[in-house]
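Okay, here's what each chain looks like letter by letter:
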Amino acid sequence: MEIEDLEKFLVIAATENLQRSADRLDTTPGALSKVLRRLETALNTRVFDRVGKQIRLNDAGRRLQGKAAEITSIARQVHFELGELGKFSECRIAAPAVLQLTWAAFIQSKLAEVQPKACLSLTSAYESLALRMLVRGEVDLAMITGALLGQVPAQIATRKLGTESLCVVAGPGHRLVSGEWANAEVPIEVVQQYPFAAPRISPFCGEERGIGSDGWGDNLPARKVQVVVNDYGVLCGLVKTGHFLALLPEGLAEDIGGAKIDVAGNFTEPREEIFIAWRGGSDGWLEDLAQALSGIEGLN
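Below you will find a few notes about this structure. (Residues numbered from 1 in each chain as written. Predicted model: local features only at pLDDT ≥ 70, side-chain atom pairs only at ≥ 80, totals over all residues. Heavy atoms only, no water.)

With that settled, consider the packing of aromatic side chains. Inspection of the entire model under this criterion finds four aromatic pairs. Ring geometry for tryptophan 103 versus phenylalanine 106: centroids 6.0 Å apart, planes at 70°, classification edge-to-face. Placement of both tryptophan 103 and phenylalanine 106 in helix α5 (residues 97-114) is noted, with a separation of three residues, approximately one turn of the helix. Classification of tryptophan 103 by relative accessible area gives buried; the value is 13%. A centroid spacing of 5.4 Å and a plane angle of 45° characterise the contact between tryptophan 216 and phenylalanine 267, whose relative ring orientation is tilted. Of this pair, tryptophan 216 sits in the loop between β8 (195-198) and β9 (224-228) while phenylalanine 267 sits in the loop between β12 (263-264) and β13 (271-279), placing them 51 residues apart in sequence. Here tryptophan 216 and phenylalanine 267 have matching classes, each one buried. (Phe/Tyr/Trp six-rings, centres within 6.5 Å; stacked < 30°, edge-to-face > 60°. Helix = DSSP H or I, 4+ residues; strand = E, 2+ residues; numbered from the N terminus. Buried < 20%, exposed > 50% of the residue type's maximum accessible area, 1.4 Å probe, protein only.)

Here we take up the pattern of salt bridges. Two side chains bearing opposite charge may form a pair once their charged atoms approach each other closely. Per the counting criterion, the structure on display carries 13 salt bridges. The residue lysine 8 makes a salt bridge to glutamate 4 at a minimum N-O spacing of 3.3 Å. Here glutamate 4 and lysine 8 lie together in helix α1 (residues 3-15), a separation of four residues that amounts to about one turn. For glutamate 113, the salt bridge is made with lysine 110, and the minimal N-O distance between the two is 3.8 Å. On the criterion of helical spacing, the pair formed by glutamate 113 and lysine 110 is a turn pair, its members being three residues apart in helix α5. (Salt bridge = Lys/Arg side-chain N within 4 Å of Asp/Glu carboxyl O.)

Turning to unusual backbone geometry, a few remarks are in order. In this model, glutamate 16 sits at a positive phi of 50°, which is unusual for a non-glycine residue. Summarising the element assignment, glutamate 16 is placed in the loop between α1 and α2 (18-25). By relative accessible area, glutamate 16 is classed as partly exposed at 24%.

Note that all results are geometric; they support no functional claim without further evidence.
What follows is the structure in structure tokens.
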């Protein structure tokens, strides 16, 4: 079996669709059919069940999927560390888009320290999917919140990356920024008078949890949500107009040209613990990167 065939098999196993896999791999369904025939011939067993024109991963295929993820991970690590000098290697990370907005630059800076010639490749995926992509061997790292730690398989290592503080953010023209409350703590009762833009879908897990999905839980005072929008690019755009407030990661406030509102009274800023996850079990560049990202020596 060739490593390249196993890498293509992992994509096919994830999509269970030759055309979608071919689009992702920039090849043809016919070429991928040949890959499957080579693998099944080498193993002397079918790894997919054919149902009409559809393919479904069977028990043998699921076993191969786990082993292939391990094999290709080791092969990538060897190539990453011992490959041709000057050849670009790719560090693949899956994470919710909102986490990429606040952590991508930091991750890139640490990757450059560990592997200066590496290329960072980011895929937007809610945390459950990001973790599944890691387990299936489609990415090298996943970013998740602490809420998902109980679902992490034994073969996956985790390390705390940091804490995401969520704060009330206003655009530069908002009255709480340029008016009498500029540079002052704003009572929660005053904040409640102004309209918010908020999502219904959690930016971390992708689940529809109502207008508290951004982290504004039931433990916080009620607010006036006037616009519901699930796209954080649009949400940030609404904040920048100066007409709406939003609960956003603190790191985004400056990035969008807005300002954090220091809220006084019965208000505690929500916080999310952020973790990186990778396939553990051996020393190598992923462990070095994880250590650099977490700032903790002596990874276990």
